[in-house]
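Chain residues, written in single-letter form:
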Amino acid sequence: MNRKLCMALLCLLISFCCHAQRVHFQKLNETDSVAIARQMPVLANEVLAKYQHTADQNSYLNDVFRLQILAGRNVDALKSIAALCGMAKNTDELLYKQHELFAQTRLKQSSGGLSFNQTYKPLFIDAFSGLSNKDAVHFSLAFITRSGINEVKKDFTQALSDADKNDSLDIKDAVILCKKYYLLNFYQQAEAISKTLLNDEFNKRYIIRNQLIKTKDGASIAAIVVRLKGFTGPQPVVLQYTIYADSTAWSSILEPALHGYTGVMAYTRGKGLSPDQIVPYENDGKDANEVIDWISKQSWCNGKIGMYGGSYNGFTQWAAAKYHHPALKTIVPYVAAMSGLGLPMENNVFINANYGWFLYVTNNKYLDNEVYYNPQRWRSMNDKWYTSGVAYNKLDSIDGTTNPLLQRWLKHPGFDRYWQEQIPYQKGFANINIPILTVTGYYDDGQISAIHYLQEHLKYNPKAEHYLIIGPYDHFGAQRGGYPVLRDYAVDSVALISTRDITFQWLDHILKGAKKPAILQDRVNFEVMGANKWEHAASIPKMANTTLNLYLTDKKEGDHYLLSDKKTDTLAALNQEVNLADHQTSNNNNYYPYPIIKKELDHSTGLFFMSQPFDKPVEVNGMFGGSLKAMINKKDMDIGVSLYEVMPNGDFFDLSYFLGRASYAEDMSVRHLLQPGKIETIPFYRSRMVSRQLSKGSRLLVILDINKNSFAQVNYGTGKDVSTETVSDGKIPLRIHWYNDSFISVPIKQ
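Note that the structure is predicted; figures quoted are calculated from it, not measured. (Residues numbered from 1 in each chain as written. Predicted model: local features only at pLDDT ≥ 70, side-chain atom pairs only at ≥ 80, totals over all residues. Heavy atoms only, no water.)

**A look at the overall build of the chain**
Step number 1: A tally of helices and strands in the chain yields 20 helices and 30 strands.
Step number 2: Relative to its length of 750 residues, the chain is compact, with a C-alpha radius of gyration of 28 Å against a globular reference of 27 Å.
Step number 3: Residues classed as buried in the chain amount to 57% of the 750 residues present.
Step number 4: Put simply, 74% of the contacts in the chain that link residues at least 6 apart link residues at least 24 apart.
Step number 5: Carbon and sulfur atoms make up 51% of the accessible area of the chain, which amounts to about 31,900 Å² in all. (Helix = DSSP H or I, 4+ residues; strand = E, 2+ residues; numbered from the N terminus. Rg over C-alpha atoms; globule rule 2.2 N^0.38 Å. Buried < 20%, exposed > 50% of the residue type's maximum accessible area, 1.4 Å probe, protein only. Contact = heavy atoms within 4.5 Å. Areas by Shrake-Rupley, 256 points an atom, 1.4 Å probe, with all protein chains shown as cover.)

**Let's talk about the environment of Tyr-308**
Step number 1: Tracing the sequence through the fold places Tyr-308 in strand E7 (residues 301-310).
Step number 2: Residue classification places Tyr-308 among the buried residues on the basis of a relative accessible area of 0%.
Step number 3: For Tyr-308 and Lys-322, which are 14 residues apart along the polypeptide, the C-alpha to C-alpha distance reads 15 Å.
Step number 4: A distance of 3.2 Å separates polar atoms of two side chains, one belonging to Tyr-308 and the other to Gln-240. (Polar contact = N/O pair within 3.5 Å; in protein donor to acceptor, adjacent residues only side chain to side chain.)

**Here we look at the side chain of Asn-348**
Step number 1: By secondary structure assignment, the location of Asn-348 is in the loop between strand E9 (345-346) and strand E10 (349-350).
Step number 2: With residues up to four places along the chain from it excluded, the contact list for Asn-348 reads Pro-413, Gly-414, Phe-415, Arg-661, Tyr-664, Met-668 and Gln-713.

**So, the packing of aromatic side chains**
Step number 1: Under the defined criterion, the tally for this structure stands at 49 aromatic pairs.
Step number 2: Geometrically, the ring pair formed by Phe-65 and Tyr-96 is edge-to-face, given 5.9 Å between the ring centres and 75 degrees between the ring planes. Taken together, the positions of Phe-65 in helix H3 (residues 57-70) and Tyr-96 in the loop between helix H4 (74-87) and helix H5 (97-112) put the pair 31 residues apart, joining distant regions of the chain.
Step number 3: Owing to a relative accessible area of 0%, Phe-65 belongs among the buried residues under this scheme.
Step number 4: Ring geometry for Tyr-244 and Tyr-360: centres 6.2 Å apart, planes at 45 degrees, overall tilted. Placement of Tyr-244 in the loop between strand E5 (235-242) and helix H10 (255-258) and of Tyr-360 in helix H13 (residues 355-362) is noted, with a sequence separation of 116 residues between them. (Phe/Tyr/Trp six-rings, centres within 6.5 Å; stacked < 30°, edge-to-face > 60°.)

Structure below.
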């Protein structure tokens, strides 16, 4: 056979294989729900005809049963679900149960002539009737979306919009589109009736009461009290205090009742049934303290109260602890927020990520999911603000909706009394003597808040019984105990724990005298990424046994400068110029850890410094910091410092980062402007905590840059209030001399 014929046959084979892996796609108008409902089952059937078995049978069947239900092949779907359950490594009998129930309903509906609700109701009741109280709570979570049905719909609509750009779809993309539609279809049909049925079911098992608690200044705090039926005497009480009011929130406080507690969910004044004005943060500490006082006087309370919860709910625990109520015996804050430090600003730099949050929690008595879960709106706002160059305090004008909380916050760029009074502050930590369990993650966006609470507590009360659990978790993962894959990084198996189980073990330990959770072997309990093990230390500094000081040199190798473990005798500087008025480009600092492992980095801005390779494995354990020596032509600048492991294969593992304002480096409460033309010392230390085992041959990479992008304030360096500066203040570029006696301190364990 001649070469030309071989090539022709090869091209034909490639063309056939590529064609075989694509399916025809009829373009659909996202507003035509009838056409979508007609065509998506057709697409699912076409995909099933061509979808090939993969080596990962679990993933394959996870896709297939959803396609089968969507295609109307419910008998096949039930077989696939049964096969999946048979393969499951855990003993969770409720795995995929909600999908099985959905398929059974659709199957019976096709032959019985009844509506979905008429068919679904008896099957649902039968499924719940035999469940224990614990399993019933666990099972109930599968029927209610966390962010609302509109978010699920938007997710599908976006996938449909992407698909409409082509006449055919790759099998992988077709599977994703079908799964998103299946999920939307499931919640559209099952969520509303499930909420009603769950309400009926749980009212059979629990005493659920709404309560308005009056405060001393005349406000009303809405609360929900939950007790398991059959318990008549006083019990210890577990309280969550939150701004995230939801009409089905009673389901969130059922869990304590399963563990022998009375559960109470209380809301920020103005939320839920409270008629008052909604004001986040400012009243929560004293209001939570009054709720604790009210609980302590109820006949069903034995005088012992514990609190738990994440993010804002973590903040409210610290805010309540400030008042030292004798009935409050412990708090378990996960990923605790700290107003003024982790949000809405980070180390005195206001960040945009929290902008829409105010509208989310104050637009109504519950939550405005439709507004908040609208990434296009917030992306557009950020981009318009950045490209326009207007002042940061005009951000709400760009959005077109007034944001009074933003304007109030912007009046407090330093960590002044406004922020200090919302939480324990400095010596206010000294008298917090209750045991505390803190949980956070290396990739929790608000980690610096959680760690700051811990460090300040132990600084002012060194004998405090305060434990930390931290691992490779993000903001939501830390509140459940992690995900197997986090931002494309396969998490170590030992890192996957149940935060909630540990929480109730801790509450039982403090409130009932049970044993302490086994994971708490010392104050600081951390998972070492890459080593697949937990380690334990008496403090954050003792996670490491030495500190590696690496100096920023002016010696260049390829596209980076050298990080040296020796300080040079000759002072030299690297020059950097940043055109702050150019808003067609950005300095993004390479800082945000998504994905955690990157194949390449953006070298268009910033200075890159790389160490020599390690001659043996070492652990980076703790929080990196350092001291930057710089001379600038302005009075201020916002600095980003990123820390990476450069793996032997050349990939970049994102370890930690710092973002902060130079004028607040010495004291986040008081601004000290830099003197143009003078060499200044700029310390930094409030970075992200991390633990990672670096392999032999790995290097450390430090990226130093100026923050200038659409995600945060732009500091033009005039010395004025940064929120009032405009692009016209950046006409003169920022010129920096970075000196080689600047160093980065990295805590390591050898």
